[in-house]
Amino acid sequence: MDITSDNNRFIGQAATWISGCSHLVVSTGAGVSQESGIPTFRDAGTGLWASYDPMQLASVQGFSQDPKLVWEWYAWRRNKVYEARPNPGHLALARLESLVSRMTLVTQNVDGLHRRAGSGSPIELHGNITRVKCFGGCGEMHENWSDEKYKGEIPPRCNSCGSLLRPDVVWFGEQLPEKALHDAFHVAENCDVILVVGTSGTVQPAASLPVVAQRGGARFIEVNPQPGAFAEPADILLTGKSGEILPLLVAEVERLGKGSKT
Ligand code: OAD
Ligand code: ZN
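Owing to the predicted nature of the structure, the values given are computational and were not obtained by experimental measurement.

Q: Tell me what's going on with the coordination of the zinc ion (ligand 2), and back it up with residues and numbers.
A: Taken together, Cys134 (SG), Cys138 (SG), Cys158 (SG) and Cys161 (SG) make up the protein donors of the zinc ion (ligand 2), found 2.3 Å from the metal. Seen from the zinc ion (ligand 2), its four donor atoms lie at angles of 100 to 119°, and the figure they make is tetrahedral. All donors of the zinc ion (ligand 2) come from a single chain, and their spacing in sequence reads C-x3-C-x19-C-x2-C. Taken together, the residues Cys138 in the loop between β4 (127–134) and β5 (141–142) and Cys161 in the loop between β5 and β6 (165–169) connect sequence positions 23 residues apart. Residue classification places Cys138 among the partly exposed positions, given a relative accessible area of 40%.

Here it is, written out as structure tokens:
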């Protein structure tokens, strides 16, 4: 484990800010699920977008051109998600919720692992891969889709209107779910600490969350093996994997909390 003494000092400072704050926002990206075996998008060599074309696989146009290819690619990713387990990073964030006065978790991830780790109600900015919905827009939706149980044509068709079904994730060029977007920016504007974990900070609007938080006076703490491409650098960068850093950080927040009660 590569936790430097600098990191230890910064973990102490970050934990002090977190334990003393009135509203903590945590914003996560693909990096937080990397240690659960779910590939990120942009890590050199291993990121999904190094081997796959996002416009072919993650756009309305791509789905219209070859719906079977796109459906099968998501079925493959969905299977990885069902096989994965929350890692110590997800679990630490779920624990953190009970240690601070108020915490809101916002994620770009579609894997649902925060919820499976015990986090209450994460704001899912980019949808959820385990849910499928009608491509025709009639509103039909299925939770916890099982590719194993389904035996019909691919992609399946909507029971209500006969259109194709598609994964309920946000594709390039699509709007984010309105309520999730509104709620995420509202909490970012009003928090006093934002903890950003495992995101490259290249996809908008999620990349702007720490920017608006800082503009509102919040401290910005980043956990990442490599700093993200945010408009403003973090006040504290904790360099390393979230599955290693977050348990240490949360243990320190817990220690500080116990100290204040004795
Ligand atoms: P990226 O793949 O762009 O970035 C992953 C980040 O995780 C990088 O900054 C890595 O350094 C970091 N990382 C890798 N391993 C890590 C670990 N073990 N612990 C902590 N951090 C680690 O993923 P996102 O920023 O989440 O959108 O990508 C944003 C959006 O782009 C995704 O939601 C997806 C994609 O296109 C849609 O599908 C709409
Ligand atoms: Zn329909």
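Q: Which residues make up the pattern of salt bridges, and what values do they have?
A: Enumeration according to the criterion identifies eleven salt bridges in this entry. Here Lys179 makes a salt bridge to Asp183, at a shortest N to O gap of 2.5 Å. Of this pair, Lys179 and Asp183 both sit in helix α9 (residues 178–190), four residues apart, roughly one helical turn. Take Asp183: its relative accessible area is 24%, and that puts it in the partly exposed class. The salt bridge involving Arg255 is made with Glu252; its shortest N-O contact spans 2.9 Å. Here Arg255 pairs with Glu252, and both are found in helix α11 (residues 242–261), just three residues apart, close to one helical turn. When salt bridges that share partners are traced, they join Arg95, Glu254 and Lys258 into one network.

Thresholds applied
- Residues numbered from 1 in each chain as written.
- Chains lettered and ligands numbered in written order.
- Predicted model: local features only at pLDDT ≥ 70, side-chain atom pairs only at ≥ 80, totals over all residues.
- Heavy atoms only, no water.
- Donors = N, O, S within 2.8 Å, 3.2 Å for Na, K, Ca; no water.
- Tetrahedral: all angles 85-135°; square planar, octahedral: opposite > 155°, others 65-115°.
- Helix = DSSP H or I, 4+ residues; strand = E, 2+ residues; numbered from the N terminus.
- Buried < 20%, exposed > 50% of the residue type's maximum accessible area, 1.4 Å probe, protein only.
- Salt bridge = Lys/Arg side-chain N within 4 Å of Asp/Glu carboxyl O.

Limitation: the analysis is restricted to geometry and does not speak to function.
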